[in-house]
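Examining the three-dimensional arrangement
This is what each chain is made of:
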Amino acid sequence: MVVVVILVVALTVMLVGGLLSQRELEQQAEVQVESIAALVSYELDDKLSMRLNIVSHVAENLTMTERVFRDRTGLLLARQTELLHLFDGLFILDAEGLLQAEAPRFGLPKGLDLSTREYFDRISTLMTPIISEPYASSYDGKPAVMIGAPVFNHDQRFIGMIGGVMLLEGEHILKKFGNIRFAETGYIRIATRSGTTLVNGRTGQFMVPLRSENPILIQAMDGFEGTAKTDDGDGDVIIMSVRQLDQAPWFVTAVWPAEEAFAPIGRMVSIREKRFMAGCAWRRLTGKMVCGLT
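Residues numbered from 1 in each chain as written. Predicted model: local features only at pLDDT ≥ 70, side-chain atom pairs only at ≥ 80, totals over all residues. Heavy atoms only, no water.

Some details on the nonpolar core
Nonpolar side chains in soluble globular proteins generally cluster together in the buried interior. The criterion, for reference: Here the nonpolar core consists of buried residues drawn from Ala, Val, Leu, Ile, Met, Phe, Trp, Tyr and Cys, with membership extended through side-chain atoms lying within 4.5 Å. Whether a residue is buried, partly exposed or exposed follows from its accessible area with a 1.4 Å probe, protein chains only, as a fraction of its type maximum: under 20%, in between, or over 50%, in that order. In this text, helices come from DSSP runs of H or I with a minimum length of four residues, and strands from runs of E with a minimum of two, each type numbered from the N-terminal end.
Formed by 50 residues in total, the largest nonpolar core has its most connected members in Leu44, Leu48, Ile162, Ile190 and Trp250. It is helix 1 (residues 2-60) that provides the largest number of residues to this core, a total of 10 residues. Leu108, Tyr119, Ile130 and Met146 belong to the second-largest nonpolar core, a separate cluster that totals 19 residues.

A short note on the pairing of strand 9 (residues 196-200)
Rule in force here: Each pair of strands is called paired provided DSSP finds at least two bridges between the two strands.
Here strand 9 lies mainly inside the structure; 5 of its 5 residues are buried. Sheet analysis places strand 8 (residues 186-192) next to strand 9, joined by 3 bridges and oriented antiparallel. From the neighbouring strand, Ala191 faces strand 9, where its bridge partner is Thr197. Between strand 8 and strand 9, which pair antiparallel one after the other, the connecting turn spans 3 residues, and Gly195 there sits at a positive phi close to 105°. Summarising the sheet, strand 9 and strand 10 (residues 206-209) pair through 3 bridges and their orientation is antiparallel. Paired with Val199 across the bridge in strand 10 is Phe206. If you look at the hairpin formed by strand 9 and strand 10, you'll find 5 residues sitting between the two strands, and Gly204 has a positive phi there, around 80°.

A word on helix 4 (residues 118-126)
For clarity, the threshold we go by: Taking the helix axis as origin, the arc is that swept by the directions to the C-beta atoms. When checking whether two residues touch, look at their non-hydrogen atoms; a contact exists if any pair is within 4.5 Å.
For helix 4, the complete set of buried residues consists of Tyr119, Phe120 and Ile123. Axial view of helix 4: buried residues confined to an arc of 95°, hence all on one face. Across from the buried face of helix 4, at angles greater than 90 degrees, the exposed residues are Thr125 and Leu126. Next to the buried residues of helix 4 lie strand 1 (89-94), strand 3 (130-131), strand 4 (135-136), strand 5 (143-152) and strand 6 (158-167). The first or second residue beyond helix 4 is Met127, which carries a positive phi of 55°.

So, the environment of Arg243
How we decide: Polar contacts, as counted here, are pairs of nitrogen or oxygen atoms within 3.5 Å of one another; within protein the pair requires one atom able to donate a hydrogen and one able to accept it, and residues that are adjacent in sequence qualify only if both atoms are side-chain atoms.
Structurally, Arg243 is set in strand 12 (residues 237-244). You can call Arg243 partly exposed: its relative accessible area is 30%. Distance in space between the C-alpha atoms of Arg243 and Ser41 is 6.4 Å, their sequence separation being 202 residues. At a separation of 3.5 Å, a polar atom in the side chain of Arg243 contacts the side chain of Glu225.

Below, the structure is given as structure tokens:
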């Protein structure tokens, strides 16, 4: 009976020690994922802020009469081509939302009516610089985001807008963040609070509906920030950390599949089990009845 009690106690000590170590390792994994989400969100916010400030500054320097603005849009935009290292394209629209100039030339017709675009509606209504919702661009429907600002005359009357386009599949910002990998299987997802995935680092998809069956993502759309274990929708457990952006109604998720994140736990438990069983075998061989005590 004493042998049984001691064996149970030994097993309990081993299991408790394993659980403590497991929780410590889980916390370490969560901290790592949280740190990556924070770094990516900070960097993305910084890059968006820089582009928004630059476009706003350019728009402020375009103050002139509406007639001059319309007549000189091509020249005005030609002077801003250095911004193409930040954007995939630059545009000037007049107060009616008609395209007046583009750079580089994509072959869009002058006068193309873009007044129904979400970004033009917001800029002409709010009269403030904005980062748009993702939309299917006029470049063969490629998904894009517009960073734009209103242009005013000397009486502060709205006469048009200037904007820079970032194609989600282009080399500016979003694709770069989508290509980030950590460990072997960790990846980044950037999505909007309105429910659109801008880029999914695991699948390589752009501008697709957010998987709303995940409770963490649903909370993220309402402003949630935090880290938790959850299901990826395919039956696999993941650690997900969410950080909201300041510059746009977007959020970043860093995702690390638990199979890799908790791999050290499996190795630790396996080692403990092997040591325990080896100890039992040795004590049987030496005639000792109590196993598990080292």
